[in-house]
Amino acid sequence: MNQFHPEQAAAFARDEAHAHWHDTALWFVRVKRDRAAASVPEWERLRDTASALKAHTLSRLAEYLEEFERNARQNGITVHWARDGAEHNRIVSEILAQRGVTRLVKSKSMLTEECGLNPYLEARGVEVVDTDLGERIVQLAAEPPSHIVMPAIHRKKEEIGALFHDKLGTAQGLSDPKVLTEAARQHLRKKFLGAQAGLTGVNFAIAETGGIVVVTNEGNADMGTSLPPLHIASMGVEKVIPRARDLGIFLRLLARSATGQPVSSYTTHFHGPMAGGELHVVVVDNGRSDILAREAFRRSLSCIRCGACLNTCPVYRRSGGYSYSYLIPGPIGSVLGPQRDAAAHASLPFASSLCGSCSDVCPVKIDLHHEILVLREEIRAKDILPLGKRVGMKMTGFVLSRPALYRAAGRLVRWVLRGAPPLARLGPGGAWARQREFPVPPEKTFRELWKSSGEERKG
Ligand code: SF4
């Protein structure tokens, strides 16, 4: 995807009713998160501890990864290392090919999306079935996820009913979530029973024990790894945590931040392969070491992918996941995307009001809005913004740095707003104004009020 965020956001916002529904649905999750966080008196202490734990782990990442590998091998787990997405895909494909696997079930993993695993395996004759309900919906619709926790949040239940009718042969016109979920269960059950291997992501890898932890609400990771004898787990290098006792801190934060639940429905610990089976963990770098080396952005590697920053972001809620050029949307995607490819994702750091709400809700206290601001400066310095934006910013900078010109511009805008508000909505500069009702401009500016009050004080 190489696209400019404002254009995609404008396309999304054109369907006002849908955009409003999307905004409301996500705000509902945000409010649930607030309630769940408020129910834990030590919430802020948990956030501080999680943030410090992540910072510590990242400062000794290589050591903890090696400790994890040593202990995992002792547990009978095969550990592979992949420099990038291509190597990850090759390793997974070879493991499957060597065992003659052509049917794979997969639980949610943004890392495999990042690596483009599904199309890679499908091109080699492997049927890959995403088993998380939201993931399966977007897979059937041939779309990428639009949210990292709720991949099909952009689709209404009526649309899902039509999709299931088309792809799964359910009755026409279904829209009851319970009926639709049951239809998906029946469909996925057959896939689970026929699978020869299961692939999962990794939420946490524990260095001390060499075990991995996978968190889901649907139990699909458990279904996909309990029946077939082969389990492959794809894990980013940043998923390692030092000790088993650290896990509880992250689990308490994760579920509450993601969906407002006190705890996720399934938290599964894998500390070795099942009897007679195999467990392979593929540890992937894919650009993470580069981020680690950049101090201003290192903290973004602490992300536990809870999605809270998306749910609270006024821009994400009103522009939808597909307006972002990077596969991870929202504030965290706006930090990660441009670091992967600054030119392709140049508009993302500008898809932010810099209100700081993302940083406020982040359970591991990533300074998201600050990192976004630093990225803006980097992108400006690289001169890779579209011409219109570059000219607009130059003109704004010119006016803001000349007080007399700024005052004259202020007078002009107030005159337009009083006399002919529609004029403010014209042209490309009016995009913001077209969505808003203007307040009546005050008779006097702050500067004029300050001046006259000073004269009164003197008098
Ligand atoms: S950046 Fe923070 S809030 Fe956003 S997904 Fe990651 S952990 Fe959650």
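What you see is a predicted model, and the numbers here were worked out from it, not measured in a lab.

S.K.: Could you give me a rundown of the overall build of the protein, with the residues and numbers involved?
M.R.: Tallying secondary structure elements over the protein gives 21 helices and 10 strands in all. A compact globule built from 459 residues would reach a C-alpha radius of gyration of about 23 Å, and the protein, at 25 Å, matches this within 12%. Principal axes of the C-alpha set define a box for the protein whose edges measure 90 × 55 × 45 Å. Within the protein, counting contacts between residues at least 6 apart in sequence, those at least 24 apart form 73% of the total. Counting every atom, the protein has about 22,200 Å² of accessible surface; 56% of that belongs to carbon and sulfur. Each charge class in the protein was averaged separately, 61 positive and 49 negative side chains, and the resulting centres sit 5 Å apart.

S.K.: Report on the pattern of salt bridges, specifying residues and quantitative values.
M.R.: For side chains bearing opposite charge, pairing can occur when the charged atoms are close. Per the counting criterion, the structure on display carries 24 salt bridges. One salt bridge in this structure joins Glu127 and Lys191, with 3.0 Å as the shortest N-O distance. A residue pair is termed long-range when its members are at least 10 positions apart, and Glu127 in strand β3 (residues 127-130) and Lys191 in helix α10 (residues 177-194) qualify at 64 residues. Overall, the relative accessible area of 24% leaves Lys191 in the partly exposed class. As a salt-bridge pair, Arg380 and Glu377 come within 2.9 Å of each other at their nearest N and O atoms.

S.K.: So what about unusual backbone geometry? Which residues, and what values?
M.R.: At Ala142, a position not held by glycine, the phi torsion is positive, near 55°. Locating Ala142 in the fold gives a position in the loop between α8 (133-140) and α9 (157-168). If you check the backbone angles, Arg305 has positive phi at about 55° while not being a glycine. Within the secondary structure, Arg305 sits in the loop between α13 (288-292) and α14 (308-312).

S.K.: How would you explain the packing of aromatic side chains if you had to name every residue and give the values?
M.R.: By the definition in use, this model includes three aromatic pairs. When the centroid spacing of 6.0 Å and the interplanar angle of 40° are considered together, the rings of Tyr316 and Tyr324 count as tilted. With respect to class, Tyr316 is no different from Tyr324; both count as buried. When the ring of Phe446 is compared with that of Trp450, the centres are 6.2 Å apart and the planes differ by 25°; the resulting orientation is stacked. Taken as a pair, Phe446 and Trp450 lie in helix α21 (residues 446-458) at a separation of four residues, close to a single helical turn. The two residues Phe446 and Trp450 agree in class, both being exposed. In this structure, Arg124 packs its charged tip against the face of Tyr120, placed 3.6 Å from the ring centre.

S.K.: Describe the sheet that holds strand β5 (residues 204-206), listing the residues and the values that go with them.
M.R.: A sheet is described by the order of its strands in space; here four strands give the open sequence β8-β5-β6-β9, paired in mixed fashion. The outermost strands of the open sheet, each flanked by one partner alone, are β8 (240-241) and β9 (266-270). Two strands pair when backbone bridges link them, and β5 and strand β6 (residues 211-216) are joined in this way by three bridges, in the antiparallel orientation. Across the sheet, Phe204 pairs through a bridge with Val213, a residue of β6.

S.K.: I'd like a description of the packing of helix α2 (residues 16-38) against helix α12 (residues 247-259), backed by residues and values.
M.R.: Here α2 crosses α12 at 145°, and the two axes come no closer than 6 Å. Two secondary-structure elements touch here, α2 through Val29, Lys32, Arg33 and Ala36 and α12 through Arg256, Ser257, Ala258 and Thr259. Residues of the contact of α2 with α12, tallied by class, amount to three nonpolar, two polar and three charged.

S.K.: Residues and numbers for the site of the ligand, please.
M.R.: Taken together, 13 residues form the shell around the ligand, and within it Cys303, Cys306, Gly307, Cys309 and Cys362 come nearest. Classifying every residue of the shell around the ligand gives 11 nonpolar, one polar and one charged.

S.K.: Account for the side chain of His280, naming residues and giving values.
M.R.: Along the chain, His280 falls in strand β10 (residues 278-284). With a relative accessible area of 4%, His280 lands in the buried category. Within polar-contact distance, the side chain of His280 engages the side chain of His80 at 2.8 Å. Looking at His280, its side chain comes within polar contact range of the side chain of Glu278, at 2.9 Å.

S.K.: Could you give an account of the state of the cysteines, naming the residues involved and the relevant values?
M.R.: Under the criterion given, the structure shown has zero disulfides. Not part of a disulfide, Cys313 finds its nearest cysteine sulfur in Cys358, a span of 6.6 Å.

S.K.: Quick one: what's the story with the nonpolar core, residue by residue and with numbers?
M.R.: Generally speaking, soluble globular proteins have nonpolar side chains that are buried together. Counting residues in each nonpolar core, the largest one holds 75 residues, and the members touching the most others are Phe68 and Met235. Built from parts of two domains, this core gets at least three residues from each of domain 1 (1-39 + 301-385) and domain 2 (49-286). Once residues lying within four places of it in the same chain are set aside, the contact partners of Met235 are Leu65, Phe68, Leu111, Val202, Ala205, Val240, Val281, Val282, Val283 and Val284. One finds Leu104, Leu117, Leu199 and Val284 within the second-largest nonpolar core, a separate group that totals 19 residues.

S.K.: Let's hear about the side chain of Asp285: which residues, and what values?
M.R.: For Asp285, the location among the structural elements is in the loop between β10 and α13. Buried charged residue Asp285 carries no salt bridge. Nearest counter-charge: Arg288, at 6.1 Å. Here the side chain of Asp285 touches Gly287 through a polar contact of 3.1 Å, landing on its backbone nitrogen. Among the polar contacts made by the side chain of Asp285, one reaches the side chain of Ser289 at a distance of 2.3 Å.

S.K.: Kindly report on a positive patch on the surface, identifying the contributing residues and their values.
M.R.: Together, Arg407, Arg411, Arg447 and Lys451 give the surface a local cluster of positive charge. Within the residue set of the positive patch, elements represented by two or more residues are α20 (403-419) and α21. You can see Arg411 is positioned in helix α20.

S.K.: Just give me the short version of the sheet that holds strand β7 (residues 230-236), but keep the residues and values in it.
M.R.: In a beta sheet, neighbouring strands pair by backbone hydrogen bonds and run either parallel or antiparallel. Pairing within the open sheet is parallel, and its six strands lie in the order β1-β10-β7-β4-β2-β3. Both outer strands of the open sheet, β1 (78-82) and β3, are each paired with one neighbouring strand and no more. Each adjacent strand pair in this sheet contributes to an overall mean axis angle of 20°, direction not counted. Relative to β10, β1 runs parallel, the two being bridged by five bridges. Within β10, the residue paired with Thr78 across the bridge is His280. This element, α10, spans β2 (103-106) and β3 of the sheet and lies at about 135° to β3.

Definitions and limits used
Residues numbered from 1 in each chain as written. Predicted model: local features only at pLDDT ≥ 70, side-chain atom pairs only at ≥ 80, totals over all residues. Heavy atoms only, no water. Helix = DSSP H or I, 4+ residues; strand = E, 2+ residues; numbered from the N terminus. Rg over C-alpha atoms; globule rule 2.2 N^0.38 Å. Contact = heavy atoms within 4.5 Å. Areas by Shrake-Rupley, 256 points an atom, 1.4 Å probe, with all protein chains shown as cover. Lys, Arg positive; Asp, Glu negative; His and termini not counted. Charge placed at Lys NZ, Arg CZ, Asp CG, Glu CD. Salt bridge = Lys/Arg side-chain N within 4 Å of Asp/Glu carboxyl O. Buried < 20%, exposed > 50% of the residue type's maximum accessible area, 1.4 Å probe, protein only. Phe/Tyr/Trp six-rings, centres within 6.5 Å; stacked < 30°, edge-to-face > 60°. Lys NZ or Arg CZ within 6 Å of the ring centre and 35° of its normal. Pairing = 2+ DSSP bridges. Axes fitted to C-alpha atoms, helices over the stretch in contact; angles between N-to-C directions. Nonpolar A, V, L, I, M, F, W, Y, C, P; charged D, E, K, R; others polar. Near = heavy atom within 4 Å. Polar contact = N/O pair within 3.5 Å; in protein donor to acceptor, adjacent residues only side chain to side chain. Disulfide = S-S within 2.5 Å. Core = buried A, V, L, I, M, F, W, Y, C linked by side-chain atoms within 4.5 Å. Domains from an automatic or database assignment. Patch = residues over 30% accessible without salt bridge, like charges linked within 9 Å, V, L, I, M, F, W, Y side chains within 5 Å.

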